[in-house]
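Fold and geometry: a report
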Amino acid sequence: LNGHNTSSGEVYDSTALTAAHRFLPFGTQIEVTNIDNGKSIIVKVNDRGPFSNVYTLDLSSAAFAQIGQLSSGNMNVFYRILN
């Protein structure tokens, strides 16, 4: 939720290009590509999660919207660590 602290201590901002990941270090830059349409975005890991064995990443609303349809709720992605 906007205004709440993430696990890294940053304030969550749904308009920022960020993501949650279970174990990648905070500050890690990753390129996330929507497998269905080929669109990519670079995000920074600043939170922990998702806490599900089904999902790997939890993108901010802004990041998700740039590569997929928010109404879909989820998408198949490939991600690669940049740093």
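Described in the following lines is the structure provided in the data block. (Residues numbered from 1 in each chain as written. Predicted model: local features only at pLDDT ≥ 70, side-chain atom pairs only at ≥ 80, totals over all residues. Heavy atoms only, no water.)

Another point: the overall build of the protein. When helices and strands are counted, the protein shows 1 helix and 5 strands. Listed by position from the N terminus, the elements making up the protein come as β-β-β-β-α-β. Taken against the 2.2 N^0.38 rule, which gives 12 Å for 83 residues, the C-alpha radius of gyration of the protein at 12 Å falls within 12% of a compact globule. Considering only C-alpha atoms, the protein reaches an extent of 35 × 25 × 25 Å along its principal axes. Residue pairs at least 24 apart in sequence account for 62% of intrachain contacts in the protein once pairs closer than 6 positions are excluded. (Helix = DSSP H or I, 4+ residues; strand = E, 2+ residues; numbered from the N terminus. Rg over C-alpha atoms; globule rule 2.2 N^0.38 Å. Contact = heavy atoms within 4.5 Å.)

What follows concerns the pattern of salt bridges. Oppositely charged side chains can form a pair if their charged atoms are brought close together. Considering all chains together, one arrives at 2 salt bridges under this definition. Of the charged contacts in the structure, one is a salt bridge between E10 and K44, with a shortest N-O distance of 2.9 Å. Of the two residues, E10 sits in the segment before β1 (18-21) while K44 sits in strand β3 (residues 40-47), which places them 34 residues apart along the sequence. With relative accessibility at 30%, the residue E10 sits in the partly exposed group. In this structure, R80 and E31 form a salt bridge, with 2.8 Å as the shortest nitrogen-oxygen distance. Highlighted residues: R80 in strand β5 (residues 77-81) and E31 in strand β2 (residues 29-34), separated in sequence by 49 residues. The class of R80 is partly exposed, set by a relative accessible area of 41%. (Salt bridge = Lys/Arg side-chain N within 4 Å of Asp/Glu carboxyl O. Buried < 20%, exposed > 50% of the residue type's maximum accessible area, 1.4 Å probe, protein only.)

Attention now goes to the layout of surface pockets. A volume near 370 Å³ is recorded for the largest pocket. Around the largest pocket, the lining comprises 16 residues; the ones closest to its centre are Y55, T56, L57, N74 and M75. Elements that contribute at least two residues to the lining of the largest pocket include exactly β4 (57-59) and β5. In terms of residues, the lining of the largest pocket owes the most to one element, β4, which gives 3 residues. Looking at the lining of the largest pocket residue by residue, the classes come out as 11 nonpolar, 4 polar and 1 charged. (1 Å grid on protein atoms, 1.4 Å probe; cavity = no way out; pocket = protein on both sides within 12 Å on 5 of 7 lines; lining within 4 Å. Points joined across faces, edges and corners; volume = space filled by probe spheres on them. Nonpolar A, V, L, I, M, F, W, Y, C, P; charged D, E, K, R; others polar.)

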